[in-house]
Amino acid sequence: MSRPPANRTPLLLSRRSWPEVRRIGDILRTETVGGVLLLIAAVLALAWANSPWSAAYRSLADVTVGPAALHLDLSLAQWAADGLLAIVIIAVFYTSTLHFGLLLLALAPMALFGLLVQRRVRSWWLLLPLAATAWALVHASGVHATVAGVALAFTVPVLRRKPGPGPGLAEHFEHRIRPLSAGVAVPVFAFFAAGVSVAGAGGLGATLTDSVALGVIMGLVVGKAAGVLGATWLVQRFTRARLAEGLAWWDMVGLALLAGVGFTVSLLIGELAFGAGSERDDHSKIGVLLGSLLSAVLATVVLRARNRHYQGVCALEERDSDADGVPDVYEEQPTRTTPS
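All right, on to the overall build of the protein then. When helices and strands are tallied, the protein shows 14 helices and two strands. For the protein, the proportion of its 340 residues judged to be buried stands at 32%.

Let us look at the nonpolar core. F189, F191, F192, A194, F263 and L267 are the most contacted members of the largest nonpolar core, which has 25 residues in total. Those elements that provide at least two residues to this core are α2 (31-49), α3 (54-61), α4 (76-84), α9 (169-193), α11 (211-238), α13 (264-274) and α14 (279-319). Per-element tally for this core: the top contributor is α9, with six residues. Leave out the neighbours within four places in its chain, and L267 touches F189, A193, A194, K285 and V288. A106, F113, L130 and W135 belong to the second largest nonpolar core, which has 21 residues in total.

The next thing to look at is the packing of α9 against α13. For the pair α9 and α13, interaxial distance at closest approach is 10 Å and the crossing angle is 45 degrees. Comparing the axis directions of α9 and α13 gives the class oblique. As for how α9 packs across α13, the hand of that crossing is left-handed. Mapping the contact onto sequence places V186, F189 and A193 in α9 and T264, L267 and L268 in α13. Residue classes in the contact of α9 with α13 are distributed as five nonpolar, one polar and no charged.

Time to look at the packing of aromatic side chains. Overall, the coordinates contain four aromatic pairs when judged by the stated rule. Judged by centre distance (5.9 Å) and plane angle (50 degrees), the rings of W48 and F191 are tilted. Overall, W48 belongs to the partly exposed group, its relative accessible area being 26%. Overall, F191 belongs to the buried group, its relative accessible area being 13%. Judged by centre distance (5.5 Å) and plane angle (70 degrees), the ring pair of Y57 and F191 falls under edge-to-face.

Next up on the list: the packing of helix α6 (residues 100-118) against helix α8 (residues 146-155). At a closest axis distance of 8 Å, the pairing of α6 and α8 adopts a crossing angle of 30 degrees. With respect to α8, the axis of α6 lies roughly parallel. With respect to the hand of their crossing, α6 and α8 are arranged in right-handed fashion. Side by side, α6 and α8 meet where M110, F113, G114, V117 and Q118 of the first sit next to A148, A151, L152 and T155 of the second.

Below, the discussion takes up the pattern of salt bridges. Taken as a whole and judged by the stated rule, the model has four salt bridges. Between E174 and R178 there is a salt bridge, and its shortest N-O distance comes to 2.5 Å. With E174 and R178 both in helix α9 and four residues apart, the pair spans about one turn of that helix. Judged by relative accessible area, E174 falls into the partly exposed class, the value being 36%.

The subject of this paragraph is α11. Bending of α11 peaks at approximately 40 degrees at the position of G219. Residues of α11 that are buried: V212, A213, V216, I217, L220, V221, A225 and Q236. Where α11 begins, the capping side chain belongs to D210, and its oxygen is found 3.0 Å from the backbone nitrogen of V212.

Now for a nonpolar patch on the surface. Together, L98, F100, L104 and L107 give the surface a local cluster of nonpolar side chains, amounting to about 420 Å² of exposed area. Looking at the secondary structure, you find L107 in helix α6. Taking relative accessible area as the criterion, L107 reaches 47% and is therefore assigned partly exposed.

Time to look at the confidence of the model for the protein. When pLDDT is low, close inspection of the predicted coordinates is not appropriate. Of the residues in the protein, 76% have a pLDDT of 70 or more, and the chain-wide mean is 79. Low pLDDT, under 50, characterises residues 336-340; the predicted model gives this stretch zero contacts beyond four residues in sequence or across chains.

Looking at the element boundaries, S292 is found in helix α14. You can call S292 buried: its relative accessible area is 5%.

It is worth spelling out the environment of G277 at this point. Assignment of secondary structure puts G277 in the loop between α13 and α14. Spatially, the C-alpha atom of G277 lies 8.7 Å from that of V196, the residues being 81 residues apart in sequence.

What counts and how
- Residues numbered from 1 in each chain as written.
- Predicted model: local features only at pLDDT ≥ 70, side-chain atom pairs only at ≥ 80, totals over all residues.
- Heavy atoms only, no water.
- Helix = DSSP H or I, 4+ residues; strand = E, 2+ residues; numbered from the N terminus.
- Buried < 20%, exposed > 50% of the residue type's maximum accessible area, 1.4 Å probe, protein only.
- Core = buried A, V, L, I, M, F, W, Y, C linked by side-chain atoms within 4.5 Å.
- Contact = heavy atoms within 4.5 Å.
- Axes fitted to C-alpha atoms, helices over the stretch in contact; angles between N-to-C directions.
- Parallel < 35°, antiparallel > 145°, perpendicular 65-115°, else oblique.
- Left-handed = near helix turned anticlockwise from the far one by under 90°.
- Nonpolar A, V, L, I, M, F, W, Y, C, P; charged D, E, K, R; others polar.
- Phe/Tyr/Trp six-rings, centres within 6.5 Å; stacked < 30°, edge-to-face > 60°.
- Salt bridge = Lys/Arg side-chain N within 4 Å of Asp/Glu carboxyl O.
- Bend = angle between axes of the 7 residues up to and from the residue.
- Polar contact = N/O pair within 3.5 Å; in protein donor to acceptor, adjacent residues only side chain to side chain.
- Patch = residues over 30% accessible without salt bridge, like charges linked within 9 Å, V, L, I, M, F, W, Y side chains within 5 Å.
- Areas by Shrake-Rupley, 256 points an atom, 1.4 Å probe, with all protein chains shown as cover.
- pLDDT = per-residue confidence, 0-100.

Below, the structure written as structure tokens:
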């Protein structure tokens, strides 16, 4: 069989070469790239929702796709929220109606999925249809469909059956799914969730005097930081865990502030709590955006200050190092023996 000429023009949307596919996958697995894509999607949604073409944005979000017979005739915004995000608290507190028959029926594909992954089956053509069926049944039962993803994830074994090189099954799935999550799921959700009209919310001044927006901002900036920092202190206080040598509590303050960048889940919970398109939903979205921005700024200030501190430490260690370039503190000290 003759091979096609190497210089032929590639077809649109054709399969790319393996180095290209691997390179794109590695890029999307980088945490910073996922964050940048999320930020771009949010900024694009905000700009569109506050432009003269805002009606087109709303129309796009309201486009309905899916079979009505299976209760899957959802808008694109609902698909982005229900289909693309794995959250238990939403299923527990935001379920208004419940059909036990459909929920029990969903246990069958979940159980079969769990049986296959426990046997280390990785075939996507077996696992994906089962996962999709479980998701559809959970959604039709009235429970928020994200609980299906959480339940399925709990069935995947983390530890390897036999010790040896290579990733375990959970790590393998995470490696395969991360590009889809970082490159599609989270940015698409952010695009449909973050598009709030400031004018429609009564203006920025009215938003900042609303208790909902203020509560969201305080929860992200103060509440999350206090929770992360307090939990870390409790763990090191009542267990044997300790901060790593050279790590200070100011470093933990910076990381705790960074946790306040609560974007996707915060937007989703606000929409479920106040109703999509309501004035308070708009206020909560603006609160999420402002709170996340403020958390990021404060975390940047603290972490940049700590970075300068560690740069000074490294410079001092390099000055005290020997000719081999290794700081003295990292060199093993010779054992001294007492002469007998």
